[in-house]
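Given next are the chains, with one letter for each unit.
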Amino acid sequence: MKFYLAGRLSIAAAMAFALASCTTTQAGFRKNPEGVSKSALCRTFITNTDLAFTQELTAELARRRIDPIECVSMVQRENQAAAVIVAVALVGTAVAVCANNNCGGGSSYPAYTPYRGNCQYDWQRDAAGNKCGNRSAYSRPGGY
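Residues numbered from 1 in each chain as written. Predicted model: local features only at pLDDT ≥ 70, side-chain atom pairs only at ≥ 80, totals over all residues. Heavy atoms only, no water.

**Overview of the packing of aromatic side chains**
Where we set the bar: Between the rings of Phe, Tyr and Trp (Trp by its six-membered ring), a pair exists once the centres lie within 6.5 Å; its type follows the angle of the planes, with under 30 degrees stacked, over 60 edge-to-face, and the other angles tilted. Helix numbers and strand numbers start at the N terminus; a helix is a DSSP run of H or I with at least 4 residues, a strand a run of E with at least 2. Note on classification: 1.4 Å probe, protein chains only; a residue is buried when its accessible area is under 20% of the maximum for its type, exposed when over 50%, partly exposed between these limits.
Evaluation of the coordinates by the stated rule reveals two aromatic pairs. Seen in terms of ring centroids, Phe 29 and Phe 53 are 5.6 Å apart; in terms of plane orientation they differ by 75 degrees. Their pairing is edge-to-face. Here the residue Phe 29 occupies a position in helix H2 (residues 26-31), and Phe 53 occupies one in helix H4 (residues 51-63), the gap between them amounting to 24 residues. Taken as a pair, Phe 29 and Phe 53 share a single burial class, namely buried. Pairing Tyr 121 with Trp 123 gives two aromatic rings, centres 5.8 Å apart and planes at 5 degrees, and the pair type is stacked. Judged by its relative accessible area of 58%, Trp 123 falls in the exposed class.

Written out as structure tokens, the structure reads:
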């Protein structure tokens, strides 16, 4: 069970990190600018701080006719999708843990167990049809 949960969390984390770290290096970009995916190009364009590299990225965006504003919205959508995937995985994991460990809430009172004798409450009648009254378990010291 623990391996299953760890596997689900690992997959969710890997997907989130894969989307978050999907950028390209300057060397990789300069070697083959056409080989860089649109997602990696946009993510690199948004996160880059080097001015000369930003100019190269802008030129490649223009060559591919990709609007920088489109890059921002695409990266936001990818980040939101990754967050949803992680949230679904975490909720699924929590549900699985609770299902296996009986953590379903409820009251702080013990579970109701029916009285095994003839009379539990004073208003009931015993097997002979007589009213229980003070003979009931409820009427005795200690209650139930």
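Next comes the rest of the write-up.
**A closer look at the packing of helix H3 (residues 38-47) against H4**
Rules: A fitted line through C-alpha atoms represents every axis, and for helices the fit uses only the stretch in contact; the resulting angles, taken between N-to-C directions, go from 0 to 180 degrees. Less than a right angle of anticlockwise turn of the near helix away from the far helix marks a crossing as left-handed, whereas a clockwise turn marks it as right-handed. The contact definition used throughout considers only heavy atoms, calling two residues in contact when any of these lie within 4.5 Å. In this count, Pro and Cys sit with the nonpolar residues alongside Ala, Val, Leu, Ile, Met, Phe, Trp and Tyr, while Asp, Glu, Lys and Arg are called charged and the others, Gly among them, polar.
Packing of H3 against H4 leaves a shortest axis separation of 10 Å and a crossing angle of 145 degrees. For H3 against H4, the interelement crossing comes out left-handed. Contacts from Leu 41, Cys 42, Thr 44 and Phe 45 in H3 reach Phe 53, Thr 54, Leu 57, Thr 58, Glu 60 and Leu 61 in H4. Across the contact of H3 with H4, the residue classes break down as six nonpolar, three polar and one charged.

**Describing the state of the cysteines**
Definition in use: Cysteine sulfur atoms that pair up within 2.5 Å are treated as a disulfide.
Applying the stated rule across the entire model yields one disulfide. A disulfide bridge connects Cys 42 with Cys 71, and the sulfur atoms are separated by 2.1 Å. The chirality of the disulfide connecting Cys 42 with Cys 71 is left-handed, given an S-S dihedral of about -55 degrees. Highlighted residues: Cys 42 in helix H3 and Cys 71 in helix H5 (residues 68-101), separated in sequence by 29 residues. The class of Cys 42 is buried, set by a relative accessible area of 0%. We classify Cys 71 as buried; its relative accessible area is 0%.

**Looking at H4**
As a reminder of what qualifies: Expected span of a helix, by definition, is 1.5 Å for each gap between consecutive residues, and there is one gap fewer than residues. Starting at the helix axis, one direction is taken to each C-beta atom, and the arc is that of these directions. Any pair of nitrogen or oxygen atoms within 3.5 Å is treated as a polar contact; in protein, a donor-acceptor pairing is required on top of that, and neighbouring residues in sequence qualify only through side-chain atoms on both sides.
End to end, H4 covers 18 Å across 13 residues, agreeing with the expected 18 Å (1.5 Å per residue, within 8%). Buried within H4 are the following residues: Phe 53, Thr 54, Leu 57, Glu 60 and Leu 61. Buried residues in H4, looked at end-on, bunch into an arc of 120 degrees, giving them a common side. What points out from H4, more than 90 degrees from its buried face, is the exposed set Leu 51, Gln 55 and Ala 62. The secondary structure elements touched by the buried residues of H4 are H2, H3 and H5. Its side-chain oxygen at 3.4 Å from the backbone nitrogen of Ala 52, Asp 50 defines the N-terminal cap of H4. Downstream of H4 by a residue or two, Arg 65 has a phi angle that is positive, lying close to 60 degrees.

**So, the nonpolar core**
Quick reminder of the rule: For this analysis, a nonpolar core means a set of buried residues of the types Ala, Val, Leu, Ile, Met, Phe, Trp, Tyr and Cys, connected via side-chain atoms within 4.5 Å.
Within the largest apolar cluster, 13 residues are counted, with the highest numbers of intra-cluster contacts made by Phe 29, Leu 41, Cys 42, Leu 57 and Leu 61. Per-element accounting of this core gives the leading share, four residues, to H3. Not counting residues up to four positions away in its chain, the partners in contact with Phe 29 are Thr 24, Val 36, Leu 41, Phe 53, Glu 56, Leu 57 and Glu 60.

It is worth stressing that arrangement in space is one thing and function is another; only the former is reported here.
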